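Below are the chains, spelled out letter by letter.
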Amino acid sequence: MTPQAPTPAYRRLSVEERRSQLLEAALSLFAHRAPEDVSLDDVAEAAGVSRPLVYRYFPGGKQQLYEAALRSAAEELQQCFDEPRRGPLVPRLARALDRYLAFVDEHGAGFSALLQGGSVVETSRTTAIVDGVRRAAAEHILSHLGVTEPGPRLRMTVRMWITAVEAASLIWLDEDKQPPTGELRDWLVEQFVAALTVTAARDPQTAALVAGLSAGD
């Protein structure tokens, strides 16, 4: 008689491991559905746990879980632009956009829900989290440009471009992810260079940056 394989020993998850498990399950659901269409029962089922256990870690219910998941996604988005400051700017920016668009591709509906707003779980806190991503992205871009004290025109140009990237990402999802990711990335990089060039005509600080780009810095 063939002996049965020993049953794997049950391992109790630590508080942080369990919390991470629940957040991962929630993020997976929010990636494919609008926040208002996801229930705590859905999260519990996806994580393979009971609803009371979800409440134990998130006593504030769905709102608290959603905000925690949003913070986790925001941290991941912020890291997209965290590229080593080596080599020419354009390839660095392209690599950052590759990561950003990969996140958009993976999270789809959830990304749309976060940026478009209008969710029943949207609050001033969730709005602040999303705005924090935008501000962090702007800081990363300015750092890539080597600017520590941007003037108003340069700062506005960078923030306008980030808004354009968000809008293009939402439209891209709505257009069944066309054009292909690589084409979208290159187009967005070209838009950034074009925006800097237009601003350079009115702003000496930006003009110096554009001259550096033309020289291959």
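The model shown is predicted, which means the values in this text are computed figures rather than measured ones. (Residues numbered from 1 in each chain as written. Predicted model: local features only at pLDDT ≥ 70, side-chain atom pairs only at ≥ 80, totals over all residues. Heavy atoms only, no water.)

Caption draft 1: The environment of Val 133, seen in detail. Mapping Val 133 onto the fold places it in helix α6 (residues 124–144). We classify Val 133 as buried; its relative accessible area is 13%. (Helix = DSSP H or I, 4+ residues; strand = E, 2+ residues; numbered from the N terminus. Buried < 20%, exposed > 50% of the residue type's maximum accessible area, 1.4 Å probe, protein only.)

Caption draft 2: Representation of the packing of aromatic side chains. Within this structure, the stated rule accounts for 2 aromatic pairs. Where Phe 81 meets Tyr 100, the ring centres are 5.8 Å apart and the plane angle is 55°; that geometry is what we call tilted. With Phe 81 in the loop between α4 (62–80) and α5 (89–116) and Tyr 100 in helix α5, this pair connects stretches of sequence that are 19 residues apart. An identical accessibility class is assigned to Phe 81 and Tyr 100; each is buried. Note on Trp 161 and Phe 192: the rings are 4.7 Å apart at their centroids and 50° apart in plane angle, and the pair reads as tilted. (Phe/Tyr/Trp six-rings, centres within 6.5 Å; stacked < 30°, edge-to-face > 60°.)

Caption draft 3: Representation of unusual backbone geometry within the structure. For the peptide bond that leads from Gln 178 to Pro 179, omega is 5°, which places it in the cis range. Along the polypeptide, Pro 179 turns up in the loop between α7 (152–174) and α8 (181–200). Phi at Asp 176 is positive, roughly 60°, even though this residue is not glycine. The residue Asp 176 is located in the loop between α7 and α8 in this model.

Caption draft 4: The arrangement of the nonpolar core in detail. Among the nonpolar cores identified, the biggest contains 63 residues, and Tyr 100, Leu 145, Val 158, Trp 161 and Phe 192 are the most heavily contacted of them. Residue contributions to this core peak at 10 residues, all from α5. Once you skip the residues sitting within four places of it in the chain, Trp 161 turns out to touch Leu 93, Leu 97, Ile 141, Leu 188, Gln 191 and Phe 192. (Core = buried A, V, L, I, M, F, W, Y, C linked by side-chain atoms within 4.5 Å. Contact = heavy atoms within 4.5 Å.)

Caption draft 5: Region of interest: α6. In this model, α6 (21 residues) spans 30 Å end to end at C-alpha, consistent with the 30 Å of a helix rising 1.5 Å per residue. Of the residues making up α6, those classed as buried are Thr 126, Ile 129, Val 130, Val 133, Ala 136, Ala 137, Ala 138, His 140, Ile 141, Leu 142 and His 144. Residue Gly 146 follows α6 closely and has a positive phi angle near 75°. (Expected span 1.5 Å × (residues − 1).)

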